[in-house]
Amino acid sequence: MAEGVFPLPGAANGELVDRYYLSSAEVDDETGDLTQRVQEAAGAALAEANERLQEAEMKVQAAQAAQQQLQQQLAAAEQLAADVEQLKSENLEAWRVKYELEGQMAATKATLEGLQRQGSSMHKELEHMRQQAQIWSDVSSSEVQKMRAEGELLAGQLAARSAELAALQQQLTDVEAERDRALQERQQALEERDKLHAQLQQVGSLQQQLAAASAAAAAATSAASGWEEKFMRERAVRRKLHEQLQVYEEVSPLVRSCADGYNVCIFAYGQTGSGKTYTIYGPADNPGINTRALQELFSIAADEVDHSWSFQVAMLEIYNEAVRDLLAMSASIGGGSGAASAAAVAAAASAHTVEVSGLPAGELPPNMDRVPGVAQGYLAWSGARVPGLVWRKVSNTAEVQAALREGARARATAATALNAASSRSHALVSVKVQGVREGKAFTAMMHLVDLAGSERVDKSEVAGQQLKEAQAINKSLSALGDVVAALQRRGAHIPFRNSKLTQVLQDSLSGSSKVLLVCNLSPEPASCSETLSSLNFASRAAQVELGQARRAPAAATAVASAVASAQAQTQEPAAAFEGLSHPLQPHGPADILKDHGVID
């Protein structure tokens, strides 16, 4: 057995277990080695620390030297500054003394010139007196000759004095001219000063106005920021409180009216990207008005089993002033529920473009078709406004959603700078409700309209075909606004023919229909002008009063008095704008914002 190994009995079977240990000499060797390594490491660390400390001390000394040098430079700069100030003071004093000496020199020069003139004058006077004395002291001349000589002398003196006087007068004239020039320059300087003072006052006034405008702009910006925050907060709250179901609760009474036999039309209006398609269609897990309206109709039919019910749907779009049958297009495209290719959509659109009946609103007998349709026999929209439209019979929600998906596949959409999936057409879902109530058959129509959004071309950044689409959309919406304005002022002529959109909707806007407008707004500050425009349109629409809506007459009474009844309806339209999702009184956009709690 090796040294340092002791056999020990095993715990379980009595076998020997080797346990190793170190002898005291080995322990001392290991301890010595460890101590040496620790000392070496400590020495190396201490040496490194000393080196770093020396480097730090050298850096501190260099910094102190640099600081001392900077302090010396600062003191020298301060001394130089003091010397410069003293030199400035001495220079000013020297200039002051110079100006004083120049003034004294000018005064002395003027005095000297005056004395010189006075001496010259006295010298001339003395010379004249000497000449006069010579004349009178001449004994060889007679008295007459002396007087004549004295007269000539005085005449010469007078001429000299006259010349001097003329020179003085010329000098005086020059001085006066110089004085006038100086006065004129002074007056001009005063006028310039007054003008400059006025300009300074004007600049001061402009600065005050600018300051006031800046303060007002800052206040407006702050208010806008607060308004935006409040609007977004309100929007978040409303989104929680007004989901699709809450929005539909305001539309639900019109669906009940449709089941009771009234014609109904529901619009979604607003700028592009404001949520109109979401409101009307919605996603599958949170459907919009279309699906919920059909669900409620099915529920009513299930509850009122004593009545006979039948439901059909049709879908069309108005694209670049062309009316397309979406269900027929989808059937032609085929290929399941995925997105269709542009070529397939174009071919289907060319094959399934339909015309709009040109008969004026109200001239169709109730529940009678103008032109027979090609699918379910007849198209009734207070009669057939769009002949040849494909109708599909539905009896449950799954069939409705399938029909909506098929129609949506064929609808024209495109990506713009404002909306990744912008609708490029007006889409309309028509629901025909046929039933038998108290032994009488009736047909009521409900139209759910997803209007394409108004857009500013400079913001949406569209070009080419999309630019043409935007122009067509804006033109048709403008025509709709003209129709609403004409209805508001009860004009004799309503311009329905100005657009395919208003042609298609003319029966709902002037016949026996209940109409509701859902106004969609974008809360972004950049959309402020479009928001105000949408609110103005909604305000005008809320003021339209066309009388009390009436139930669609029973089919049994329609044929005999069709034309007379239609002509009577044209004289007294019976449509009712029920306004926005909240009732509106005739007032402006600001009051609408107040009514909705957006502003105080």
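Residues numbered from 1 in each chain as written. Predicted model: local features only at pLDDT ≥ 70, side-chain atom pairs only at ≥ 80, totals over all residues. Heavy atoms only, no water.

Novice: I'd like a rundown of the side chain of Asn 286, residues and numbers included.
Specialist: Take Asn 286: it is sitting in the loop between α4 (276-280) and α5 (289-303). A distance of 3.4 Å separates a polar atom in the side chain of Asn 286 from a polar atom in the side chain of Tyr 278. In this structure the side chain of Asn 286 is engaged in a polar contact, spanning 3.0 Å, whose partner is the side chain of Arg 292. (Helix = DSSP H or I, 4+ residues; strand = E, 2+ residues; numbered from the N terminus. Polar contact = N/O pair within 3.5 Å; in protein donor to acceptor, adjacent residues only side chain to side chain.)

Novice: With reference to specific residues and values, describe the nonpolar core.
Specialist: Residues Ile 266, Leu 294, Leu 297, Trp 309, Phe 311, Val 431 and Met 446 are the most contacted members of the largest nonpolar core, which totals 41 residues. The dominant element in this core, judged by the number of residues it contributes, is α5, at seven residues. (Core = buried A, V, L, I, M, F, W, Y, C linked by side-chain atoms within 4.5 Å. Buried < 20%, exposed > 50% of the residue type's maximum accessible area, 1.4 Å probe, protein only.)

Novice: Any chance you could break down unusual backbone geometry for me, citing the residues and the numbers?
Specialist: Phi is positive for Asn 320, which is not a glycine, with a value near 50°. Tracing the sequence through the fold places Asn 320 in the loop between β4 (308-319) and β5 (322-325). The class for Asn 320 is partly exposed, based on a relative accessible area of 30%. Its identity is not glycine, yet Glu 321 carries a phi of approximately 65°, on the positive side.

Novice: Would you mind going over the pairing of strand β11 (residues 440-450) in detail, with residue names and values included?
Specialist: Burial analysis of β11 places nine of its eleven residues in the buried class, which makes it a mostly covered element. Two elements, strand β3 (residues 263-270) and β11, share five bridges in a ladder whose sense is parallel. Its bridge partner lying in β11, Ile 266 is registered against Leu 448. Pairing of strand β10 (residues 426-437) with β11 involves eleven bridges; the strand directions are antiparallel. Its bridge partner being in β11, Ser 430 is matched across the sheet by His 447. Connecting β10 to the antiparallel partner β11 that follows it, the hairpin turn spans two residues, and Glu 438 within it adopts a positive phi of roughly 55°. (Pairing = 2+ DSSP bridges.)

Novice: How would you summarise the pattern of salt bridges if you had to cite specific residues and measurements?
Specialist: Counting across every chain of the model gives 13 salt bridges. Glu 100 is the partner of Arg 96 in a salt bridge, and the nearest nitrogen-oxygen pair spans 2.6 Å. With a gap of four residues between them, Arg 96 and Glu 100 both fall in helix α1 (residues 24-137), about one helical turn apart. Take Arg 96: its relative accessible area is 38%, and that puts it in the partly exposed class. With a relative accessible area of 41%, Glu 100 lands in the partly exposed category. Salt-bridge contacts for Arg 181 lead to Glu 185; the nearest nitrogen and oxygen are separated by 2.5 Å. Of this pair, Arg 181 and Glu 185 both sit in helix α2 (residues 143-241), four residues apart, roughly one helical turn. Salt bridges here are not isolated pairs; linked through shared partners, they connect Glu 93, Arg 96 and Glu 100. (Salt bridge = Lys/Arg side-chain N within 4 Å of Asp/Glu carboxyl O.)

Keep in mind that these numbers describe shape and distance, not what the molecule does.
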